[in-house]
Amino acid sequence: MQVSIACTEQNLRSRSSEDRLCGPRPVPGGGNGSGVTSIHGNPSGGGGPGPKVRAVSVARPLGPAAMTPSGPLRESTGRGTSMKYRNLGKSGLRVSCLGLGTWVTFGSQISDETAENLMTVAYEHGVNLFDTAEVYAAGKRSSYIITTKIFWGGQAETERGLSRKHIIEGLWGSLERLQLGYVDIVFANRSDPNSPMEEIVRAMTFVINQGLALYWGTSRWGAAEIMEAYSVARQFNLIPPACEQAEYHLFQRDKVETQLPELYHKIGVGSVIWSPLACGVITTKHEGRIPETYRGTIKGYQWLKDKIQNEDGKKQQAKVMDLLPIANQLGCTVAQLSIAWCLRSEAVSSVLLEASNTEQLMENLGALQVRGRAASRAPRSQLFPRGRDSLPPPDSPGPDSRRLPFLPRC
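Residues numbered from 1 in each chain as written. Predicted model: local features only at pLDDT ≥ 70, side-chain atom pairs only at ≥ 80, totals over all residues. Heavy atoms only, no water.

A.B. asks: In this structure, what is going on with the sheet that holds strand β1 (residues 76-77)? I would like to understand it.
C.D. replies: Remark on secondary structure: sheet strands pair via backbone hydrogen bonds, oriented parallel or antiparallel. Across the sheet, which stays open at both edges, the three strands sit in the order β1-β2-β3 with antiparallel pairing between neighbours. Of all the strands in the sheet, the pair left with one neighbour each is β1 and β3 (94-96). Relative to β3, strand β2 (residues 84-87) runs antiparallel, the two sharing three bridges. Within the sheet, the bridge partner assigned to N87 lies in β3 and is R94. (Pairing = 2+ DSSP bridges. Helix = DSSP H or I, 4+ residues; strand = E, 2+ residues; numbered from the N terminus.)

A.B. asks: Whenever I open this one, unusual backbone geometry confuses me. Can you help?
C.D. replies: Negative phi is the rule for most residues except glycine; trans is the rule for most peptide bonds. We note that R220 has phi near 65°; this positive angle belongs to a residue other than glycine. For R220, a relative accessible area of 39% corresponds to the partly exposed category. Phi is positive for S275, close to 60°, though the residue is something other than glycine. Relative to the assigned elements, S275 resides in the loop between β10 (270-274) and α9 (302-309). (Buried < 20%, exposed > 50% of the residue type's maximum accessible area, 1.4 Å probe, protein only.)

A.B. asks: What is the right way to read the packing of helix α7 (residues 223-235) against helix α8 (residues 254-267) from this model?
C.D. replies: The description of two packed helices rests on the angle between their axes and on the distance between the axes. At a minimum axis distance of 10 Å, the contact between α7 and α8 shows a crossing angle of 15°. Relative to α8, the element α7 lies roughly parallel. The handedness of the crossing between α7 and α8 comes out as right-handed. Residues A223, I226, M227 and Y230 of α7 lie in contact with α8, whose contacting residues are Q259, L260, L263 and I267. Each residue belonging to the contact of α7 with α8 can be placed in one class, and the counts come to seven nonpolar, one polar and no charged. (Axes fitted to C-alpha atoms, helices over the stretch in contact; angles between N-to-C directions. Parallel < 35°, antiparallel > 145°, perpendicular 65-115°, else oblique. Left-handed = near helix turned anticlockwise from the far one by under 90°. Contact = heavy atoms within 4.5 Å. Nonpolar A, V, L, I, M, F, W, Y, C, P; charged D, E, K, R; others polar.)

A.B. asks: Can you help me understand the pattern of salt bridges in this one?
C.D. replies: Opposite charge on two side chains lets them pair, provided their charged atoms get close. Enumeration according to the criterion identifies ten salt bridges in this entry. The residue E157 makes a salt bridge to R160 at a minimum N-O spacing of 3.0 Å. Overall, R160 belongs to the partly exposed group, its relative accessible area being 28%. (Salt bridge = Lys/Arg side-chain N within 4 Å of Asp/Glu carboxyl O.)

A.B. asks: I tried to follow the pairing of β10 on my own but got confused; where do I start?
C.D. replies: Put simply, side chains in a regular strand alternate between the two faces of the sheet. For β10, the tally of buried residues reaches five of five residues, placing the bulk of the element in the interior. Neither face of β10 is open: one carries G270, V272 and W274, the other S271 and I273, and all of them are buried. As paired strands, strand β9 (residues 243-247) and β10 are joined by five bridges and run parallel to one another. Counted as the bridge partner of C243 is G270 from β10. The pairing of β10 with strand β11 (residues 348-353) spans three bridges and is classified as parallel. By the bridge assignment, S271 is partnered in β11 with V348.

Shown next, in the form of structure tokens:
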């Protein structure tokens, strides 16, 4: 399967981005603080044996003072859309609070035409963050802010992990498949105990200084590992990670609610959330059966189907059905309620959506409207019992300022 990035990019550029993206905002310390990082100068058509190094602004290590602005970071609304934009952690990069993920659906579940249509529709509705990976459908994506991940690349021992060799060569390969000269964010897609932290941070700093990426982040790292990377960067005047990509939904809460907010306030690391619907568990569409279009029916993803059909999955689906009264009172679907719930924390920069058709995408984008009316209309739910290990209520006093009514720990 081959999605033409050049074709998709032309479709997106044919529409005025100024009508969708947020305008300039004042920033403490000066600068126009515009909401996006331009990708002008991107090679059209790609081609060639490998990516060319372009002359771009080099990201410099930020001191502690620069990582902690004197005032609160603003959430703004895009022109012509209801999309909200936030800073990626405490960096200057503005990302849409809803992004589009490409984990399973792109390249294996949907056609090229559908994939291109989904990207275009998402972009027209203000989405500017598109998440790809080194091996997800060969990285066939294009949009304004492009991310990729490095870890799994091939079968050889040197084609996986976070060695300097694989970080650099893996990013080269990803850029060649994407037909791009650089990505906005490169993620280290899980930690690597076989690679020294200094080597990882130096390699990420190298690809940024070479113009192959503008920021780097972590994915599925522990809080201690992220802090170690930050400390190494400070010690050797290197570039620290800007964000962590983490799984977050009603059934997976501890890391995002107890660990990442502290990292956000102390060192400026933001959170990009994936799987807000728990790989399709948080929906009322299954009705006790697995539809043929479910991603768990794809070869190699049987574990997703098993996750829903096992005992824990059945219990979770029963709890999801208990959310229907709240969703009905808010005039939304359970999926929209769950996505809006994930957006309540200021430490969350963006929530990655997944969709196999435009109807599903539009439904998920409707979560933005749910946020606005939830605080005043929805009751506090006591659906799920809270044990001794339960977390504090999401709307309890604290740094999280964007609150939905309390959905107790699942």
